[in-house]
Amino acid sequence: MELDSHAEELASDLGVDNEEVKADLQNLVEYSVPIDEAKQSLRRKYGDGSTSSSGPTTKSIGEITPEGSNVSVTAVVLSAGERSIRYQGDDHVIVEGELADETGRIDYTAWEDFGLEPGETLTIGNAGVREWDGEPELNLGEHSAISVTDDSLDVPYEVGGESTLAALETGDRARAVEVTVLECETRSIDGRDGETEILSGVFGDESGRLPFTCWDPRSEIETDASVRLENVYVREFRGVPEVNVSEYSSVETLDRDIDIGTDAPSLGIGEAVDSGGIYDVELTGTVIEVRDGSGLIQRCPECRRVIQKGQCRTHGEVDGEDDLRVKAILDDGTGTVTAVLDDELTEAVYGGGLDDARDAAREAMDQSVVADTIRERIVGRAYRVRGHLSVDEYGANLDATTFEEVSEDPTDRATAFLAEVEA
């Protein structure tokens with residue numbers, strides 16, 4: 001059913017103006033609210049005939065739940081940043097950020113230009129409530145009434161969206177960070193307006209590192225530059241948070257260096273996996289298995305995927321190119337993760353390069369001999385592994401940047417682990 005038909009049906013059921021319902025419905029659908037959820041939200045807003053509509057309820061932010069209907073709140077604007085989205089071929093500029101009162105914080109999206117400014121205390125009437133990633137979010141639209149209050153709230157949160165890289169989470173919007181550009185490259189992608197040039201790489205600060213994409217390339221963003229970025233947002237890419245710099249973000253070159261932390265956070269495997277993905281993390285555990293697809297492998301020359309029996313899932317029959325890889329299952333008692341070692345790290349644990357692996361495979365007339373040698377050398381031993389952790393429906397994978405054997409006594413490690421668990 002088309003949007004017009006849904007709107008007409010709702011307007012008829014609710015006894016309200018069709019164009020008004022259509023505008024509300026389009027706003028919700030444009031922000032990826034499923035059509036059934038959007039219709040139910042509008043039934044709650046206007047009253048569906050079976051339940052009386054008593055208008056929005058005044059609540060504190062801490063009282064708002066994803067199941068709530070329209071509310072009125074008094075809150076401080078912590079952050080406000082513009083972003084462009086596209087729906088049905090048209091660009092639409094929205095304002096996103098956080099609101100707060102004494103009881104908590106909540107994300108919001110404003111579909112109209114209300115002139116929101118960080119630090120202002122506002123009374124907001126008739127704000128819609130929707131669920132986003134399991135949490136409530138406020139939607140401010142043409143039916144919302146917003147006014148600046150004379151009495152400001154004293155809230156226990158910093159105004160302005162300032163953050164470190166380590167504190168950023170997927171879904172954050174209108175954040176400000178000061179970073180050093182550790183890596184940066186220009187790439188061409190097939191964007192929504194055709195071929196588009198973007199910047200991608202890695203930002204760093206004292207708290208950690210995160211990948212970034214700049215959708216509107218800026219000359220200030222270059223390798224080794226220190227910059228202040230305002231109005232950036234965070235979304236998930238390949239299982240980890242990624243900083244996104246848009247055309248509405250501001251970029252300022254800093255005349256001072258940003259200290260870069262050299263250590264990655266050291267976590268238990270279970271805790272790290274539960275986080276949903278971390279760009280730079282250190283895990284320690286025992287290798288309990290080397291998985292199939294390790295040792296001497298072949299990759300597609302086009303997409304670099306591992307091939308089986310000369311077949312690539314994307315490009316069909318190809319002449320594979322030899323490579324080395326290890327997929328080792330690491331276990332620390334709290335969870336498991338597959339540590340993926342590239343060719344250089346694999347050479348180190350194998351004790352030889354690609355030519356050595358080819359010679360061993362030819363001599364044995366079986367390329368699995370390379371993986372067998374690696375199993376003999378690392379299974380049952382403890383390793384400290386640093387890398388990029390991603391978690392998806394296929395499991396947890398750590399793309400290793402370092403893979404170092406732990407030298408301390410296993411008994412001491414077990415005792416320390418038990419003490420940590422008991423604590």
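Everything numeric here is computed off the predicted structure, so don't read it as measured data.

**Student:** When you look at the overall build of the protein in this model, what are you seeing that I'm missing?
**Tutor:** Along its length, the protein carries eight helices and 22 strands. Relative to its 423 residues, the protein shows a buried fraction of 44%. With an accessible surface of roughly 22,000 Å², the protein has 41% of that area assigned to carbon and sulfur atoms.

**Student:** Teacher, can you tell me more about the confidence of the model for the protein here?
**Tutor:** Low pLDDT means the predicted coordinates in that region are not meant to be read closely. Of the residues in the protein, 90% reach a pLDDT of 70 or more, and the chain-wide mean stands at 89. Element-level pLDDT for the protein is lowest in helix H8 (residues 410-422), with a mean of 62, against a maximum mean of 98 in strand S20 (residues 336-341). Confidence drops under a pLDDT of 50 for residues 49-53, and excluding neighbours within four residues, the segment shows three contacts in the predicted structure.

**Student:** What am I meant to see in the side chain of Ser 79 here?
**Tutor:** Structurally, the position occupied by Ser 79 is in the loop between strand S2 (71-77) and strand S3 (81-87). Judged by its relative accessible area of 1%, Ser 79 is buried. Here the side chain of Ser 79 touches Glu 98 through a polar contact of 3.1 Å, landing on its backbone nitrogen. Once residues lying within four places of it in the same chain are set aside, the contact partners of Ser 79 are Glu 96, Gly 97, Glu 98, Tyr 108, Pro 118, Gly 160, Gly 161, Arg 173, Ala 174 and Arg 175.

**Student:** Would you mind going over helix H7 (residues 368-378) with me for this structure?
**Tutor:** The α-helix winds at 3.6 residues per turn, so residues separated by three or four positions along the chain end up facing the same way. Looking at H7, one finds that the buried residues are Val 370, Ala 371, Ile 374 and Ile 378. The arc that holds every buried residue of H7, seen down its axis, measures 95°, which confines them to one face. Looking at the buried positions of H7, the neighbouring elements they touch are strand S15 (277-290), strand S16 (295-299), strand S19 (321-331), helix H5 (343-350), helix H6 (354-364) and strand S21 (382-392). Immediately downstream of H7, the backbone of Gly 380 shows phi near 90°, a positive value.

**Student:** When you look at the pattern of salt bridges in this model, what are you seeing that I'm missing?
**Tutor:** In a structure, side chains of opposite charge can pair up when their charged atoms sit close to one another. All chains considered together, the criterion is met by 22 salt bridges. A salt bridge links Arg 384 to Glu 282, with the shortest nitrogen-to-oxygen separation between them at 3.9 Å. In this pair, Arg 384 sits in strand S21 while Glu 282 sits in strand S15, placing the two residues 102 residues apart along the sequence. Accessibility expressed as a relative area gives 22% for Glu 282, which makes it partly exposed. With its nearest N and O atoms 2.7 Å apart, the salt bridge here joins Arg 304 to Glu 321. One end of the pair, Arg 304, is in the loop between S16 and strand S17 (311-312); the other, Glu 321, is in strand S19, and 17 residues separate them in sequence. Relative accessible area serves as the criterion here: at 36%, Arg 304 is assigned to the partly exposed category. Through salt bridges that share partners, Glu 162, Glu 178, Arg 228, Glu 230 and Arg 256 make up one connected network.

**Student:** Can you help me understand a negative patch on the surface in this one?
**Tutor:** On the surface, Asp 342, Asp 343, Glu 344, Glu 347 and Asp 356 cluster together into a negatively charged patch. The biggest single contributor to the negative patch is H5, with three residues. Here Glu 347 shows up in helix H5.

**Student:** Can you walk me through the packing of aromatic side chains in this structure?
**Tutor:** The geometry of an aromatic ring pair comes down to the distance between the two centres and the angle between the two planes. Enumeration according to the criterion identifies two aromatic pairs in this entry. Plain terms: the ring middles of Phe 203 and Phe 212 are 4.0 Å apart, the flat faces sit at 10° to each other, and that makes the pair stacked. Of the residues examined, Phe 203 reaches a relative accessible area of 0% and is grouped as buried. Note on Phe 212: relative accessible area 1%, which makes it buried. Judged by centre distance (4.2 Å) and plane angle (15°), the rings of Tyr 383 and Phe 403 are stacked. Highlighted residues: Tyr 383 in strand S21 and Phe 403 in strand S22 (residues 395-405), separated in sequence by 20 residues. Judged by relative accessible area, Tyr 383 falls into the buried class, the value being 5%. Accessibility expressed as a relative area gives 11% for Phe 403, which makes it buried. Residue placement shows Arg 83 over the ring face of Tyr 233; its charged tip is 4.4 Å from the ring centre.

**Student:** Got a minute to help me understand the environment of Ile 329 in this structure?
**Tutor:** Along the chain, Ile 329 turns up in strand S19. Take Ile 329: its relative accessible area is 16%, and that puts it in the buried class.

**Student:** Quick question: what am I supposed to make of H5 here?
**Tutor:** Buried residues of H5: Leu 345, Thr 346, Val 349 and Tyr 350, and no others. Summarising the axial view, the buried residues of H5 lie within an arc of 130°, below the 170-degree limit, and thus occupy one face. More than 90 degrees from the buried face of H5, the exposed residues found are Glu 344 and Ala 348. Residue Gly 351 follows H5 closely and has a positive phi angle near 85°.

Thresholds applied
Residues numbered from 1 in each chain as written. Predicted model: local features only at pLDDT ≥ 70, side-chain atom pairs only at ≥ 80, totals over all residues. Heavy atoms only, no water. Helix = DSSP H or I, 4+ residues; strand = E, 2+ residues; numbered from the N terminus. Buried < 20%, exposed > 50% of the residue type's maximum accessible area, 1.4 Å probe, protein only. Areas by Shrake-Rupley, 256 points an atom, 1.4 Å probe, with all protein chains shown as cover. pLDDT = per-residue confidence, 0-100. Contact = heavy atoms within 4.5 Å. Polar contact = N/O pair within 3.5 Å; in protein donor to acceptor, adjacent residues only side chain to side chain. Arc of directions from axis to C-beta. Salt bridge = Lys/Arg side-chain N within 4 Å of Asp/Glu carboxyl O. Patch = residues over 30% accessible without salt bridge, like charges linked within 9 Å, V, L, I, M, F, W, Y side chains within 5 Å. Lys, Arg positive; Asp, Glu negative; His and termini not counted. Charge placed at Lys NZ, Arg CZ, Asp CG, Glu CD. Phe/Tyr/Trp six-rings, centres within 6.5 Å; stacked < 30°, edge-to-face > 60°. Lys NZ or Arg CZ within 6 Å of the ring centre and 35° of its normal.

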